[in-house]
Structures are given as C-alpha cells and as structure tokens.
Amino acid sequence: MAKQTTSPGAQRRRRSDADRSVQAILEAALDALAGDPDVSMAEIARRAGVVRATIYAHFPTRESLLDSVMERAVAEVAEATAAAEPARGEPEEALERVLRATWQKLELFHALLAINTARLSAKELHRRHLPVMTQFAPLIERGQKKGVFRRDVPVTWHLAVLRAIAHAASAELQSGRLTEAKVEETMLTTALAAMASPKR
C-alpha cells in the first residue's frame, strides 16, 4: 500500500495558518499584558481567538511567550528608532528626535517593560535591548567628536544612562507619579542634560 504524503500546497497552508496563529497570540498577549501583568494564558487565548492548547503548541511555557512578546516589542522600538534617522542632523537635535520617536513607541510597552525588569537579570535586559541601543552608539560617538556630548565617559556609559532614564520614566508613568503629558519632556530634559559636555 502506497504511503500517503502531504502535498507541498497543504504544507504551505499549515505553515501559513501557524504563522497567523502566532501573530494573533503575540498581539493578544501584548494587549492583555498592558492591562494585567498577571493575565492568564486562557484569557490571552480568548483574545487571540484560539484555544489554550494552541498557545502551548507554539509557546510551551509562559516564559517562552513573554520572551517572544519582548522580542517583538524590541523589534518595533528598533524600527521606530531607525525611522527617526539617527545619522541625520546635528547630534543634539538628532538625539532629541530619536529619543522622542523611541519613547513614543515604547509607550505601548510600559507594562511589558515592568514585567521584564522584574523577571530578567540586568545583563540579560542589556542583551535584549541591543537592537535599539546599538543604533544610538554612532550618534553618541558623533556628538563626542563634535564636543557636544561628554567625552570623559565611554559610549557604553552613555547608553546605560539613556536606558536607565527611559526605564525610570516608564516606571514613574506606570506608578502615576508623573503624568503622560509631563513624563516625555522630563525624560528628554534629564537625558540631554546627562549627555551634554560640561564645557558647553
């Protein structure tokens, strides 16, 4: 008896269906986690329009789902950072423009940032943020060469300070201690002052 095989067309359809399920799950998880960091997998499945078993087929654990959600969020922030053109214009103006664009995209992920800050080590958080932060490095180097950004500290320190300020701003917004209208300008003022050359 001849062995039945799945046709290439059917295989493509299955892959396409699986891809759509994954995207729906990630979108639902982002939305659900924004409102409730402890949201259940069942609720995420309901929002995604799938059964819970489908989530576990793609993401065996809650941690694996959170990892994939974070990867997607970082990719979106990295795209917004690149779209703001870090290489264009004078360093100070470029830094402010890129920080605004990055922050405005990051606003979608404040709850996720809080979740990941609690569950990941500082070293791992740094690694996960590299797709965004490495785009700032050439801009900082350019500003240092022009004498507008501090040259007495390394680029890596500037990157760490920017990341810490953005995380602090996110935490203040989440806590309600700073309003949405105030937090962006506060974050920008603090970041630009921290970066500025003391000779200026």
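In the block above lies the structure referred to throughout.
Residues numbered from 1 in each chain as written. Predicted model: local features only at pLDDT ≥ 70, side-chain atom pairs only at ≥ 80, totals over all residues. Heavy atoms only, no water.

Overview of the environment of Glu 172
Mapping Glu 172 onto the fold places it in helix α8 (residues 155-175). Separated by 11 residues in the primary sequence, Glu 172 and Val 183 have C-alpha atoms spaced 7.8 Å apart. Excluding residues that lie within four positions of it along the chain, Glu 172 makes contacts with Arg 177 and Leu 178. (Helix = DSSP H or I, 4+ residues; strand = E, 2+ residues; numbered from the N terminus. Contact = heavy atoms within 4.5 Å.)

Examining the pattern of salt bridges
Applying the stated criterion to the full structure yields 19 salt bridges. Look at the salt bridges and you will find they share partners, linking Glu 63, Asp 67, Arg 119, Glu 124, Arg 127 and Arg 128 into a network. (Salt bridge = Lys/Arg side-chain N within 4 Å of Asp/Glu carboxyl O.)

Description of the packing of helix α5 (residues 91-106) against helix α9 (residues 180-195)
Close contact between α5 and α9 brings their axes to 11 Å; oriented N to C, the two are set at 140 degrees. In this view, α5 runs oblique relative to α9, as classed from their interaxial angle. In terms of crossing hand, the pair formed by α5 and α9 is right-handed. On α9, the residues that touch Glu 92, Leu 95, Glu 96, Leu 99, Arg 100, Trp 103 and Gln 104 of α5 are Val 183, Glu 184, Glu 185, Met 187, Leu 188, Ala 191, Leu 192 and Met 195. When the residues that make up the contact of α5 with α9 are grouped by side-chain class, the tally is 9 nonpolar, 1 polar and 5 charged. (Axes fitted to C-alpha atoms, helices over the stretch in contact; angles between N-to-C directions. Parallel < 35°, antiparallel > 145°, perpendicular 65-115°, else oblique. Left-handed = near helix turned anticlockwise from the far one by under 90°. Nonpolar A, V, L, I, M, F, W, Y, C, P; charged D, E, K, R; others polar.)

With respect to the side chain of Arg 97
Among the structural elements, Arg 97 can be located in helix α5. Among the residues examined, Arg 97 registers a relative accessible area of 15% and is labelled buried. For Arg 97, the side chain forms a polar contact with the main-chain oxygen of Glu 85, separated by 2.7 Å. Apart from the residues lying within four places of it in its own chain, the contact partners of Arg 97 are Ala 84, Glu 85 and Arg 88. (Buried < 20%, exposed > 50% of the residue type's maximum accessible area, 1.4 Å probe, protein only. Polar contact = N/O pair within 3.5 Å; in protein donor to acceptor, adjacent residues only side chain to side chain.)

Overview of helix α2 (residues 41-48)
Turning to α2, its buried residues number three or more, namely Met 41, Ile 44, Ala 45 and Ala 48. Down the axis of α2, the smallest arc covering the buried residues is 100 degrees, so these residues share one side. (Arc of directions from axis to C-beta.)

A look at the nonpolar core
Ranked by size, the top nonpolar core spans 56 residues in total, and within it Ile 44, Leu 65, Phe 136 and Leu 162 carry the most contacts. Broken down by secondary-structure element, the contributors of at least two residues to this core are α1 (8-35), α2, α4 (62-83), α5, α6 (110-119), α7 (122-146), α8 and α9. Every residue in contact with Leu 65, bar those within four places of it in the chain, is listed here: Ile 25, Leu 26, Ala 29, Met 41, Ile 44 and Phe 59. (Core = buried A, V, L, I, M, F, W, Y, C linked by side-chain atoms within 4.5 Å.)

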